[in-house]
Amino acid sequence: MKGQSTFGQFLLAGAVCSVLLMSAVTSSAQIYTFTRGINTVAGTDEGMVDWKVNGVDYLNLQAFFVRMDGATAETQLTSGTYVPPMGTRPPSITYSSIPNLRVGNTMTFTGSGSSGILNQTIALANTSATETIKFSFFLYSDFNLPGAAGSDSVAINPATGNYANATQISANGSSVRQDFQLATIAYNVFPAHIEATLDPAGLLASLKDGGVTALSDLRTAGMGDAAWVLQWDLELKPQDGDTISLLYVAVPEPSICAFGLVGALAVMLRRRLTLG
């Protein structure tokens, strides 16, 4: 029963993806776009490239990378299988190009009035029945806040390590915040490495250049075009899994000259139960 309530459900989600393969698109062009209430989202093989709230876009790119233990480069997760929303089932995209590793990204959008809400679940599963896998998972975030371009700063806190949040602030007062909340007492994992930058293109290129990226652990950057990367180092036993849960809230500020963004991103990394 333990496995059925955790990893088994993830395998079932993979089966649903296979059944609905005819409705999935895996080309390098735009592979998904949909609107839910005041939220409009679009993604390509690069990752999620738009999150518009009431027509205002807050996101340039969110992308996932993996480096398996012993590998000499990171691999970007691309060519995922997208399953559109149906009824109460949220949209999802599943990546399975790396042997023994399945990564699922499920998105739920709500919100009303001026506030948009995105709940995102990233499920990482070891599909092998016999092999333990070790790997690093990279979450690349490049938000372009409404207002003057290139006027953002970012800080990843606290300064003492055990990083708990990242906050991006624009000169006009708009901001986006990430909070990392740990889901269980038994298995708490903070990001092992981080990097804040004013060179998003350079940081993205380093993750794609065919070599090992050693994040600088720089926790602040600004003013300019801000972005950041978080890296988790994980070990999954056979048919084990971890989940990163994210919550974003976008709130336009009518009191300033341009829309503002007040965001909260709760990131929970919890140990999945193994199959009994």
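Residues numbered from 1 in each chain as written. Predicted model: local features only at pLDDT ≥ 70, side-chain atom pairs only at ≥ 80, totals over all residues. Heavy atoms only, no water.

Undergrad: Teacher, can you tell me more about the packing of aromatic side chains here?
TA: Per the stated rule, a full pass over the model turns up 9 aromatic pairs. Residues Phe-64 and Phe-137 carry aromatic rings whose centres are separated by 5.6 Å and whose planes lie at 45° to one another, so their mutual orientation is tilted. Residue Phe-64 is located in strand S5 (residues 59-68), and its partner Phe-137 is located in strand S11 (residues 133-143); the two are separated by 73 residues in the primary sequence. Taking the relative accessible area as the measure of exposure, Phe-64 reaches 4% and is therefore buried. According to the relative accessible area criterion, Phe-137 is buried, its value standing at 0%. Ring pairs connect the aromatic residues Phe-34, Trp-51, Tyr-58, Phe-109, Phe-143, Trp-228 and Tyr-248, which therefore count as one cluster. (Phe/Tyr/Trp six-rings, centres within 6.5 Å; stacked < 30°, edge-to-face > 60°. Helix = DSSP H or I, 4+ residues; strand = E, 2+ residues; numbered from the N terminus. Buried < 20%, exposed > 50% of the residue type's maximum accessible area, 1.4 Å probe, protein only.)

Undergrad: Help me out: how do you make sense of the pairing of strand S15 (residues 193-197) in this one?
TA: Successive side chains on a regular strand alternate, one facing one side of the sheet and the next facing the other. Taken across its 5 residues, S15 has 4 buried, putting it largely inside the fold. Across 5 bridges, the pairing between S15 and strand S17 (residues 227-236) is antiparallel. For Thr-197, the partnering residue across the bridge sits in S17 and is Ala-227. (Pairing = 2+ DSSP bridges.)

Undergrad: Help me understand the pattern of salt bridges in this model?
TA: Pairing is possible between side chains of opposite charge, provided their charged atoms come close. Under the defined criterion, the tally for this structure stands at 2 salt bridges. Among the ionic pairs, Lys-208 bridges to Glu-46, the shortest N-O distance being 2.7 Å. One end of the pair, Lys-208, is in helix H3 (residues 200-208); the other, Glu-46, is in the loop between strand S2 (39-44) and strand S3 (47-53), with 162 residues separating them in the sequence. For Glu-46, a relative accessible area of 29% gives the class partly exposed. A salt bridge links Arg-67 to Glu-74, with the nearest nitrogen and oxygen atoms 2.5 Å apart. Using a relative accessible area of 14% as the deciding quantity, one classes Arg-67 as buried. Overall, the relative accessible area of 8% leaves Glu-74 in the buried class. (Salt bridge = Lys/Arg side-chain N within 4 Å of Asp/Glu carboxyl O.)

Undergrad: Where do I start with the confidence of the model for the protein chain in this structure?
TA: Low-confidence regions, as indicated by low pLDDT, have predicted coordinates that should not be scrutinised in detail. Of all residues in the protein chain, 74% attain a pLDDT of 70 or more, and the chain-wide mean is 78. Every residue in residues 181-187 is under pLDDT 50, and counting partners more than four places away or in other chains gives 19 contacts. (pLDDT = per-residue confidence, 0-100. Contact = heavy atoms within 4.5 Å.)

Undergrad: Would you take a moment to explain the environment of Phe-143 for this structure?
TA: By the element assignment, Phe-143 lies in strand S11. In this structure Phe-143 comes out as buried when scored by relative accessible area, which is 3%. Between the alpha carbons of Phe-143 and Asp-57 there is a distance of 9.2 Å; along the sequence they are 86 residues apart. Sequence-distant contacts of Phe-143, that is, excluding residues within four places in its chain, are made with Tyr-58, Leu-59, Asn-60, Asp-152, Gln-168, Val-176, Ala-226, Trp-228 and Tyr-248.

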